[in-house]
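# Structural overview for review
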Amino acid sequence: MARDDLLIESFLEMLSAERGAADNTLESYRRDLDDFAGFLNARKASAATASCEEVTAYLSELTRRGYAASSQARRLSALRQFYRHLFADGLRGDDPTRTVATPKRRPALPKILGEEEGDRLLGAAREASEVEGLSPAARLRALRMHALLEVLYATGLRVSELVSLPLSAALRDERLIAVTGKGNKERLVPLGPAA
């Protein structure tokens, strides 16, 4: 068994014995560490002597392979624990992962409706409010939902802003509503005819 394999086995045994890690966790760590060892082996290096630059090069390789930042961060976490273990056991005099920056996730873009989807949603709300034979309470709920969706679609308000609007917000002016947003800042938002 190669030296890196022995170090990885030692680490996995420690996780199992001292931390009671589940089998799936151990297999995930094994895959991550074996992949890293394979990367190092191709560069004629080893986990026992890997440098900070080699850890960073590995993360760059993961990017090239198409790994998401979250997957890279998980792999880096495995490497950090592995090297802390080697350092604590005196098998290494340093931790090459100590100064490696964690890959940052890009913030997710907000999901929006397309124009056709928005029109379908508003059409369904309009039709629901015009159904014959509704009880007065059901008609009122359907009209309220239609009005809320029209205002939401027309103004771009956050849902939390919309549902917390007091009735007085619309009574000032038919064309504008006063909205209290983030940071308790009030702004006037224009309303279209349908809204």
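Structure's up top.
Presented here is an overview of the structure given in this document. The structure presented is a predicted model; accordingly, all values stated were derived computationally and were not measured.

## Considering the pairing of strand S2 (residues 186–190)
Summarising the sheet, strand S1 (residues 176–180) and S2 pair through 5 bridges and their orientation is antiparallel. When the bridges of S2 are listed, Val-179 appears paired with Arg-187. Between S1 and S2, which pair antiparallel and follow one another directly, the connecting turn spans 5 residues, one of which, Gly-183, has a positive phi of 70 degrees.

## Brief notes about the layout of surface pockets
Considered as a void within the structure, the second largest pocket measures approximately 220 Å³ in volume. Taken together, Lys-111, Ile-112, Leu-113, Leu-121, Leu-122, Leu-149, Leu-152, Tyr-153 and Gly-156 make up the lining of the second largest pocket. At the level of elements, helix H5 (115–129) and helix H6 (136–155) are the ones that each hand at least two residues to the lining of the second largest pocket. Take the lining of the second largest pocket: its biggest share by element is 3 residues, from H6. Classifying every residue of the lining of the second largest pocket by side-chain character gives 7 nonpolar, 1 polar and 1 charged.

## Here's the deal with the nonpolar core
Of all hydrophobic cores here, the largest spans 30 residues; its most connected members are Phe-11, Leu-12, Leu-15, Phe-36, Leu-40, Phe-82 and Tyr-83. Elements with a minimum of two residues in this core: helix H1 (3–19), helix H2 (23–42), helix H3 (52–64) and helix H4 (69–88). With 7 residues, H2 is the largest single contributor of residues to this core. Those residues in contact with Leu-15, other than ones at most four positions away along the chain, are Gly-20, Ala-21, Leu-26, Tyr-29 and Gln-81. Membership of the second largest hydrophobic core comes to 8 residues, among which are Leu-148, Val-151, Ile-177 and Leu-191.

## Description of the packing of aromatic side chains
Inspection of the entire model under this criterion finds 6 aromatic pairs. Taken together, a centroid distance of 5.6 Å and an interplanar angle of 80 degrees make the contact between Phe-11 and Phe-82 edge-to-face. Here Phe-82 lies in helix H4 and Phe-11 lies in helix H1, a separation of 71 residues in the sequence. Of the two residues examined, Phe-11 and Phe-82, each falls in the buried class. A ring pair is formed by Phe-36 and Tyr-58, whose centres lie 5.0 Å apart and whose planes are at 70 degrees; its orientation type is edge-to-face. Here the residue Phe-36 occupies a position in helix H2, and Tyr-58 occupies one in helix H3, the gap between them amounting to 22 residues. Judged by relative accessible area, which is 1%, Phe-36 ranks as buried.

## Overview of the environment of Leu-152
Mapped onto the elements of the fold, Leu-152 is located in helix H6. Along the primary structure Leu-152 and Leu-162 are separated by 10 residues, whereas in three dimensions their C-alpha atoms are 7.0 Å apart. Setting aside chain neighbours within four positions, we find Leu-152 in contact with Leu-157, Arg-158, Val-159 and Leu-162.

## Section: the packing of H2 against H3
Put simply, H2 and H3 touch, their axes get as near as 11 Å, and they point 105 degrees apart. Taken together, the axes of H2 and H3 lie roughly perpendicular to each other. Contact with H2, carried on its side by Asp-32, Asp-35, Phe-36, Phe-39 and Leu-40, involves Glu-54, Val-55, Ala-57, Tyr-58, Glu-61 and Leu-62 of H3 and no other residues of that element. For the contact of H2 with H3, the class distribution of residues is 7 nonpolar, no polar and 4 charged.

Cut-offs and rules
- Residues numbered from 1 in each chain as written.
- Predicted model: local features only at pLDDT ≥ 70, side-chain atom pairs only at ≥ 80, totals over all residues.
- Heavy atoms only, no water.
- Pairing = 2+ DSSP bridges.
- Helix = DSSP H or I, 4+ residues; strand = E, 2+ residues; numbered from the N terminus.
- 1 Å grid on protein atoms, 1.4 Å probe; cavity = no way out; pocket = protein on both sides within 12 Å on 5 of 7 lines; lining within 4 Å.
- Points joined across faces, edges and corners; volume = space filled by probe spheres on them.
- Nonpolar A, V, L, I, M, F, W, Y, C, P; charged D, E, K, R; others polar.
- Core = buried A, V, L, I, M, F, W, Y, C linked by side-chain atoms within 4.5 Å.
- Buried < 20%, exposed > 50% of the residue type's maximum accessible area, 1.4 Å probe, protein only.
- Contact = heavy atoms within 4.5 Å.
- Phe/Tyr/Trp six-rings, centres within 6.5 Å; stacked < 30°, edge-to-face > 60°.
- Axes fitted to C-alpha atoms, helices over the stretch in contact; angles between N-to-C directions.
- Parallel < 35°, antiparallel > 145°, perpendicular 65-115°, else oblique.

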